[in-house]
Each structure stands twice: as structure tokens, then as C-alpha cells.
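# Analysis of the macromolecular model
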Amino acid sequence: QVRLVESGGGLVQAGGSLRLSCTASGIDIGTAVMGWYRQAPGQQRELVGTVTTGADTNLSNSVKGRFIISRDARNTVSLQMYNLKIEDTAVYYCNLGPSLWRPGNHWGQGTQVTVSS
């Protein structure tokens, strides 16, 4: 069965950096668009960015210039976050097969990112 597992979350100070990873099993994600989403308390789950099979990336305006999505290996996608802000605090989720407008049906369990002042 398809399984997506996020890792790398934690507590960081504003202005700091953090690297998240999404590792897949049961499917070859090298042939699929992959996405990162996040959900803060009281907020809708929102798209952070996507990476295509050709390694082209699209990032939301709120993180553009600060976050980078990359494919580290055939089964792994990373989210490198720089200059973290309080408003980046959220649970971050990996997603299989999203478009720019809606997510695919397969999610990881999420990893918590907390940014302190």
C-alpha cells in the first residue's frame, strides 16, 4: 500500500531554518507530481508548493524566496525552509498527485513545525 512519511519537524526560533523530508513506499513517486501542504490551528489546509516530474517547482507567494522543494532521491522529496516566521507554524503534510488547485488523495501523517519569537 502507498505510504508517505514526513520527518524533520521541530521547534525553531524566528529567522531559523529547518529541513523536512517526505519518504514514500509502495509507489514510485519519481513519476508523480508531489506537493507540500500545511495547516495551522483554526486555518484551512493550504498549498505550500509542488514539484513536477521534471523537477520544476511552484511555491505559494507566502513562502516564495524562503522555501525550496527538491527531489533528494527517487523516493524522497524535501522542503528546505529558511528565514522562518511565526506564521509558518503549522503541521506540514506531504501529498501525492496534487494540481495547483487541489490535492491528491494520498497524505502523510504530518510533521509539526513550531516557530517561536
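One structure accompanies this document, and this report is about it. Throughout this document, residue positions are counted from 1 along each chain, in the order its sequence is written. Local features in this predicted model are restricted to residues of pLDDT 70 or higher, and side-chain atom pairs are both shown and tallied only at a pLDDT of 80 or more, whereas totals for entire chains, interfaces and linings draw on every residue. Hydrogen atoms and water are omitted, and side-chain values are computed over all heavy atoms in the structure.

## Some points on the pattern of salt bridges
For this analysis, a salt bridge means a side-chain nitrogen from Lys or Arg found within 4 Å of a carboxyl oxygen belonging to Asp or Glu. Applying the stated criterion to the full structure yields five salt bridges. Between arginine 74 and aspartate 28 there is a salt bridge, and its shortest N-O distance comes to 2.7 Å. Here arginine 74 is found in the loop between strand S7 (67-73) and strand S8 (76-81), whereas its partner aspartate 28 is found in the loop between strand S3 (18-25) and strand S4 (34-39), with 46 residues between them in sequence. Among the residues examined, aspartate 28 registers a relative accessible area of 35% and is labelled partly exposed. Among the salt bridges present, the one from arginine 38 reaches aspartate 88, with a minimum N-O distance of 2.9 Å. Of this pair, arginine 38 sits in strand S4 while aspartate 88 sits in the loop between S8 and strand S9 (90-96), placing them 50 residues apart in sequence. Exposure categories follow from relative accessible area, calculated using a 1.4 Å probe and restricted to protein chains: below 20% of the type maximum is buried, above 50% is exposed, and the middle band is partly exposed. The buried category is assigned to arginine 38, whose relative accessible area is 5%. Think of it this way: any DSSP run of H or I at least four residues long counts as a helix, any run of E at least two long counts as a strand, and we number them from the N terminus.

## Notes on the nonpolar core
Ranked by internal contacts, the top residues of the largest apolar core, which has 26 residues, are Leu20, Met34, Trp36, Phe67, Leu79, Met81 and Tyr92. For this core, the secondary structure elements donating two or more residues are S3, S4, strand S5 (46-51), S7, S8, S9 and strand S11 (111-116). With sequence-adjacent residues up to four places away left out, leucine 79 is seen in contact with Leu18, Arg19, Leu20, Trp36, Val48, Phe67, Ile68, Ile69 and Tyr92. Think of a nonpolar core as a cluster: buried Ala, Val, Leu, Ile, Met, Phe, Trp, Tyr and Cys residues, connected wherever their side-chain atoms sit within 4.5 Å. Two residues form a contact once any of their heavy atoms are found within 4.5 Å.

## Quick word on the state of the cysteines
One way to say it: the disulfide is the covalent bond shared by the sulfur atoms of two cysteines. Note on terminology: pairs of cysteine sulfur atoms within 2.5 Å are recorded as disulfides. For the structure on display, the rule yields one disulfide. Disulfide pairing places cysteine 22 opposite cysteine 94 at an S-S distance of 1.9 Å. The S-S bond linking cysteine 22 to cysteine 94 shows a torsion near -75°; that makes this disulfide left-handed. One end of the pair, cysteine 22, is in strand S3; the other, cysteine 94, is in strand S9, with 72 residues separating them in the sequence. Residue classification places cysteine 22 among the buried positions, given a relative accessible area of 0%.

## Here's the deal with the environment of alanine 90
Following the sequence through the fold, alanine 90 ends up in strand S9. Among the residues examined, alanine 90 registers a relative accessible area of 2% and is labelled buried. In this structure the C-alpha to C-alpha distance between alanine 90 and arginine 45, which are 45 residues apart in sequence, comes to 9.4 Å. Setting aside residues up to four positions removed in sequence, alanine 90 forms contacts with Arg38, Gln39, Ala40, Thr111, Gln112 and Val113.

## Observations concerning the sheet that holds strand S1 (residues 3-7)
Strand order in the open sheet made by the four strands is S1-S3-S8-S7, with antiparallel pairing throughout. Taken across any chain shown, the strands that pair with only one partner, and hence form the sheet edges, are S1 and S7. The sheet shows a mean angle of 20° between the axes of neighbouring strands, taken without regard to direction. Strands qualify as paired when DSSP identifies two bridges or more between them. In this description, a line fitted to the C-alpha atoms serves as the axis of each element, helices being fitted only across the stretch in contact, and the angle between N-to-C directions of two axes falls anywhere from 0 to 180 degrees.

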